[in-house]
Amino acid sequence: LRMEADLKHAIENDKLHIHYQPQFNLENDVLVGFEALVRWNHPAEGPVSPGEFIPLAEETGLIHSLGRWVLRQVCQQIHSWEQAGISVVPVAVNVSSLQMKKNNFVHILEECLNEFQITAQLIELEITESAVMDRLEKSMELLSAIRGLGVKLAIDDFGTGYSSLSYLKSFPFSKLKIDRSFVMDLENDENDAAIITAIISMAKSLGLKTIAEGVETELQKQFLIKHGCDEVQGFLMSRPLPVEAIETNYLSSK
Ligand code: G
Ligand code: G
Ligand code: MN
Ligand code: NA
């Protein structure tokens, strides 16, 4: 109860912040995007993991105001980079299935884009398989509306849910994120290696880009290159970093 009140306070008083994790093209190591990951430094408890406070936010309904805060924060950041003449890459934002279930989601998204005059192509939403598969018809409507704004869509944590390929094909996704759990054991587990190669070739035939997350070793990276994965994200390249470090290490003026 205490944590719930504290989280609410943090959302309402801009006490959360965002770390950005770089994403790279596997062919040429060029920076292609960032994933926005929310962080909470509790005044008494210290850093609380999103693995803890996102579920809390989902249980308490705070996920709607938190999700909106993250989206606004990211749009504001992109706006401020553009104002400063910095070359910007697209930023991927995680969306909870509960946010998608609220019927004002597209409106909130549109509002954020307008408020900060963001080119829609600079925002990508990461949506989990299960969020889509749970309610196919509603999802199709919603995802089409989002795509209609020009915002890109990626399937997060792919391989952990139960996606039907025929539906995957009909939804307007442009990217598929191969879940970290398959990448992790790639070197020791033949099944995981086989699953990854299958996902990549399936994605290719469906016209989807692939990004592997949780890449921690050079061997994993080489495996992904060999099998035609498009992009990578993981500790091998960079941890999620605060804005200042992102600006110093990855961004430059036009
Ligand atoms: O950042 P970290 O690696 O600890 O993230 C843990 C989990 O929290 C991941 O599943 C990630 O998708 C989720 N997460 C991080 N930031 C956000 C966010 O802004 N919104 C939602 N819904 N989930 C997030
Ligand atoms: O569910 P989602 O894919 O959004 O979760 C992203 C989470 O993965 C974040 O918590 C992020 O900090 C974490 N992460 C990113 N790269 C790596 C990595 O290379 N190794 C591990 N163990 N975690 C990672
Ligand atoms: Mn994600
Ligand atoms: Na993921």
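Residues numbered from 1 in each chain as written. Chains lettered and ligands numbered in written order. Predicted model: local features only at pLDDT ≥ 70, side-chain atom pairs only at ≥ 80, totals over all residues.

1. Here we look at the overall build of the chain
The secondary structure content of the chain amounts to 12 helices and nine strands. Here the C-alpha atoms of the chain give a radius of gyration of 18 Å, agreeing with the 18 Å that 2.2 N^0.38 yields for 254 residues. With the C-alpha coordinates aligned to their principal axes, the bounding extent of the chain is approximately 45 × 45 × 35 Å. Looking at the chain as a whole, 35% of its 254 residues qualify as buried. (Helix = DSSP H or I, 4+ residues; strand = E, 2+ residues; numbered from the N terminus. Rg over C-alpha atoms; globule rule 2.2 N^0.38 Å. Buried ≥ 20, exposed ≤ 12 C-beta atoms within 10 Å, placed from the backbone.)

2. What about the packing of helix H3 (residues 63–83) against helix H5 (residues 105–115)?
At a minimum axis separation of 9 Å, H3 and H5 run at an interaxial angle of 25°. The orientation of H3 with respect to H5, classified from their angle, is roughly parallel. Here H3 and H5 pass one another in a crossing that is right-handed. Contacts from Arg68, Leu71, Arg72 and Cys75 of H3 reach H5 at Ile108, Leu109, Cys112, Leu113 and Glu115. Split into classes, the residues belonging to the contact of H3 with H5 amount to six nonpolar, no polar and three charged. (Axes fitted to C-alpha atoms, helices over the stretch in contact; angles between N-to-C directions. Parallel < 35°, antiparallel > 145°, perpendicular 65-115°, else oblique. Left-handed = near helix turned anticlockwise from the far one by under 90°. Contact = placed C-beta atoms within 7 Å. Nonpolar A, V, L, I, M, F, W, Y, C, P; charged D, E, K, R; others polar.)

3. Some thoughts on the site of ligand 1
The local shell around ligand 1 consists of Leu37, Val38, Ser49, Pro50, Gly51, Ile54, Val70, Asn94, Ser96 and Pro240. For the shell around ligand 1, the elements supplying multiple residues, two or more each, are strand S2 (31–42) and helix H2 (50–60). Examining the composition of the shell around ligand 1, we find that three residues originate from one element, H2, more than from any other. Looking at the shell around ligand 1 residue by residue, the classes come out as six nonpolar, four polar and no charged. (Near = placed C-beta within 6 Å.)

4. Re the site of ligand 2
Around ligand 2, the structure places 13 residues, and the nearest of them are Gly214, Glu216, Gly234, Phe235 and Pro240. Each residue belonging to the shell around ligand 2 can be placed in one class, and the counts come to four nonpolar, four polar and five charged.

5. What to know about the nonpolar core
Core analysis: the largest hydrophobic core is formed by 63 residues, its most contacted members being Ala36, Val74, Val91 and Val93. Here the element with the most residues in this core is H3; it accounts for eight residues. Ignoring any residue separated from it by four or fewer positions in sequence, one finds Val93 in contact with Ala36, Val70, Leu71, Val74, Ile123, Leu125 and Glu126. (Core = buried A, V, L, I, M, F, W, Y, C linked by C-beta atoms within 7 Å.)

6. With respect to the pairing of strand S5 (residues 123–128)
Counting buried positions along S5 yields six of six residues, so the element is predominantly enclosed. The two faces of S5 match: Ile123, Leu125 and Ile127 on one face and Glu124, Glu126 and Thr128 on the other face are all buried. Note that strand S4 (residues 91–94) and S5 share four bridges and pair parallel. Each bridged residue has a counterpart across the sheet, and for Asn94 the counterpart in S5 is Glu126. Looking at chain direction, S5 and strand S6 (residues 152–158) are connected through five bridges and run parallel. Residue pairing across strands places Glu126 opposite Ala154, the latter belonging to S6. (Pairing = 2+ DSSP bridges.)

7. Overview of the packing of H5 against helix H7 (residues 136–149)
For any two helices packed against each other, one specifies the inter-axial angle together with the distance between the axes. Where H5 meets H7, the closest approach of the two axes is 10 Å, and the angle between their N-to-C directions is 10°. Here H7 runs roughly parallel to H5, going by the angle between their axes. In the packing of H5 onto H7, the handedness of the crossing is right-handed. Contacts from Phe105, Val106, Leu109, Glu110 and Leu113 in H5 reach Leu142, Ala145, Ile146 and Leu149 in H7.

8. Focus on the confidence of the model for the chain
Predicted confidence across the chain gives a mean pLDDT of 95, with 100% of residues reaching 70 or more. Predicted complex metrics record ipTM = 0.97 and pTM = 0.97. (pLDDT = per-residue confidence, 0-100.)

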